[in-house]
Amino acid sequence: GGATTLLEPRSPDAMRAPLGDLADRECTRRGLGGETSARRRHRSAIERRLARLLPTLATWIETHRPGLVLLHEQRSAEHALVHWAARELGCPVLWTGDGLLPHTLQADERGLDGDAAASQRRPGDYRVVDGDPALLQACLSNVLARTIPAALTRREVVVPSMWARLGCVWAATAARGAGGARSALFGWRRALPPRANAHRAPLQLPRAPFVTVLLQDEGQARVTMDAVAPPTAGELIRASIAAAARLDAQLHVVVVLPRRALRRREFVGLCATGQLHFVHADAAPEAAALAVATITINHPLASLALLAGTPVLHVGRALYGLRGVTTHVATAELAEALPEALAEDHTALRQRFLTWLFGYGHLWCSATHPDHNGLAGFVQAIEARLAQRHPGGSLPRYRRGPAWPLAAEPHGS
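Before going into details, it helps to say that this report is about the structure given with it. In this text, all values refer to a predicted model and were calculated from it rather than measured experimentally. Here the residue index of a chain counts from 1 through its sequence in written order. Thresholds applied to this predicted model are a pLDDT of at least 70 for local features of residues and 80 or more for the giving and counting of side-chain atom pairs; totals over whole chains, interfaces and linings are not thresholded and use all residues. Heavy atoms throughout the structure, all of them, feed into the side-chain values; hydrogens and water do not.

1. Notes on the overall build of the protein
Stage number 1. Counting from the N terminus, the helices are the DSSP runs of H or I reaching at least four residues and the strands are the DSSP runs of E reaching at least two. Looking only at helices and strands, the protein features 12 helices and 10 strands.
Stage number 2. Here the C-alpha atoms of the protein give a radius of gyration of 23 Å, agreeing with the 22 Å that 2.2 N^0.38 yields for 413 residues.
Stage number 3. The principal-axis extents of the C-alpha atoms in the protein amount to approximately 65 × 65 × 45 Å.
Stage number 4. Accessibility here uses a 1.4 Å probe with only protein chains present; expressed as a share of the type maximum, an area under 20% marks a residue as buried, one over 50% as exposed, and anything in between as partly exposed. The burial tally for the protein puts 45% of its 413 residues in the buried class.
Stage number 5. Pairs at least 24 residues apart make up 67% of the contacts formed inside the protein by residues separated by at least 6 positions.
Stage number 6. Only the protein chains shown count as covering a residue, and every accessible area follows the Shrake-Rupley method with a 1.4 Å probe. Of the accessible surface of the protein, which amounts to about 22500 Å², a share of 54% is contributed by carbon and sulfur atoms.
Stage number 7. Of note, the protein has its 47 positive side-chain charges centred 5 Å away from the centre of its 36 negative side-chain charges. It is over C-alpha atoms that the radius of gyration is taken, and the globule rule equals 2.2 Å times the number of residues to the power 0.38. Contacts are assigned to residue pairs with any non-hydrogen atoms lying within 4.5 Å of each other. Under the convention used here, Asp and Glu are negative, Lys and Arg are positive, and both His and the chain ends fall outside the count. For the purpose of locating charges, the reference atoms are NZ of Lys, CZ of Arg, CG of Asp and CD of Glu.

Right under this line is the structure:
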């Protein structure tokens, strides 16, 4: 029901925008690696499309002068172009997207995950932060308990008629190809409330000490954009097995599978044994929290290992990556880095960093089950970044952290 403006492409004009860099990033996001003919072809097409969109976008921003440009979740070339144009024309930008913990949102002025300002900071930047162990314990308990926020009532979804959807197919196909056609026909389903997924009990974890390997879907932007030549699942598993064996020959390795199925060739020479265990993705919280160490590319739930005091080794850029808190290492160097990571323990730095990350770098607002407190925090994040604020109004009250167990009152109160 809100007002929507469709920005139509015009005659191409690159202005001063780094369209080549944006097109390169988009190719990387799509998994088009190397200097191949397919990458060059896609790069040229993306650069032409951005050059046609930029004049209309710049004109719209100059005319309307938005107080804030909000970009959510996607890290596409179009989103990056909007970010560049808004900053060039003096408009503040706020990026939001799925947080590291369930039912949270990242909030950053520069981007998401590896692009976020937090990923560029140094340990000394957190000296002014007071660690909050109660907040961190609540975050850990909340995820392990699989708590779902008490969501506000949703409006009923109005399903567009088939004739209306068919009328949009041609324009959507011309603009975005087959994906646009699918969105025109079935995109309305994204407005439906998420289905309640029955929680699958995690598989039995080994009683003996183990190292956890958190695998990810290959097509995730976190993997394609934030890791240079990311290892395949098989490469990461084999390197982790070698690292664990070098540390202790009796150390078990638990591999948490991704949501999507892996290719059969990833498991050539690998099979579940007495010391190698494969578990479902639902077991990731327990596997990360109970491990001796957690190894991953940049799986978001590796942050749960940090909350539990478990060392984390990651081969790609990550929002939780900070020297002294985690170990950023190449896949081939895992065996040498694992003992060093276990020997280091910067508890105070880890608490300060995680307190800032989950208290200020995240909003406790669920993208699928938003509650009153979460929406109040979302409004606060927007109000704090508006170019012009309206005087006289008071910000809605927002409490940082999960609704449970921080909201629980002590007995006798």
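2. A short note on the pairing of strand 7 (residues 293-296)
Stage number 1. Residues A293 and I295 point to one face of strand 7 and T294 and T296 to the other, with burial holding for every one of them.
Stage number 2. Of the pairings in the sheet, the one linking strand 4 (residues 210-214) to strand 7 comprises four bridges and is parallel in character. Paired with V213 across the two strands is I295, which belongs to strand 7.
Stage number 3. Sheet topology places strand 7 next to strand 8 (residues 312-314); three bridges connect them, and they run parallel. The partner of I295 across the bridge, within strand 8, is L313.
Stage number 4. Here a crossover is taken to be right-handed if, once the strands point away from the viewer, the path from the first strand over the helix to the second is traced clockwise. Taken together, strand 7, helix 9 (residues 302-307) and strand 8 form a β-α-β motif whose crossover is right-handed. Only strands that DSSP links by at least two bridges are regarded as paired with each other.

3. Regarding the sheet that holds strand 10 (residues 362-363)
Stage number 1. A sheet is described by the order of its strands in space; here four strands give the open sequence 1-2-3-10, paired in mixed fashion. Unpaired on one side and paired on the other, strand 1 (69-72) and strand 10 mark the two borders of the sheet.
Stage number 2. Set on the sheet, helix 12 (residues 372-385) makes contact with strand 1, strand 2 (93-98), strand 3 (105-108) and strand 10; between it and strand 2 the angle comes to about 155 degrees. To obtain an axis, a line is fitted to C-alpha atoms, over the contacting stretch when the element is a helix, and the angle between two such axes runs from 0 to 180 degrees between their N-to-C directions.

4. Digging into helix 5 (residues 162-186)
Stage number 1. The end-to-end C-alpha separation of helix 5 is 10 Å, well short of the 36 Å expected for 25 residues at 1.5 Å each.
Stage number 2. Maximal helix bending in helix 5 amounts to about 145 degrees, located at R176.
Stage number 3. For helix 5, the set of buried residues is R165, V169, A172, G180, A181 and A184. The length a helix should cover is 1.5 Å for every residue beyond the first. By definition, a residue's bend is the angle between the axes fitted to the seven residues ending there and the seven starting there.

5. Concerning the side chain of T104
Stage number 1. Assignment of secondary structure puts T104 in the loop between strand 2 and strand 3.
Stage number 2. Classification of T104 by relative accessible area gives buried; the value is 3%.
Stage number 3. Under this definition, polar contacts are N or O atom pairs within 3.5 Å; protein pairs additionally need one hydrogen-donor-capable and one acceptor-capable atom, and for neighbouring residues in sequence, both atoms have to be side-chain atoms. A polar contact is formed between the side chain of T104 and the backbone oxygen of L101, at a distance of 2.6 Å.
Stage number 4. When neighbours within four sequence positions are excluded, T104 is seen to be in contact with G97, D98, G99, H362, L363, W364 and C365.

6. Let's talk about the side chain of T355
Stage number 1. Along the chain, T355 turns up in helix 11 (residues 347-359).
Stage number 2. For T355, a relative accessible area of 5% puts it in the buried group.
Stage number 3. Among the polar contacts listed, one links the side chain of T355 to the backbone oxygen of Q351, at a separation of 2.6 Å.
Stage number 4. Each residue touching T355, except ones within four places of it in the same chain, is listed here: V129, D130, G131, D132, L135, L136 and Y360.

Functional significance is not addressed by these values, which are geometric in nature.
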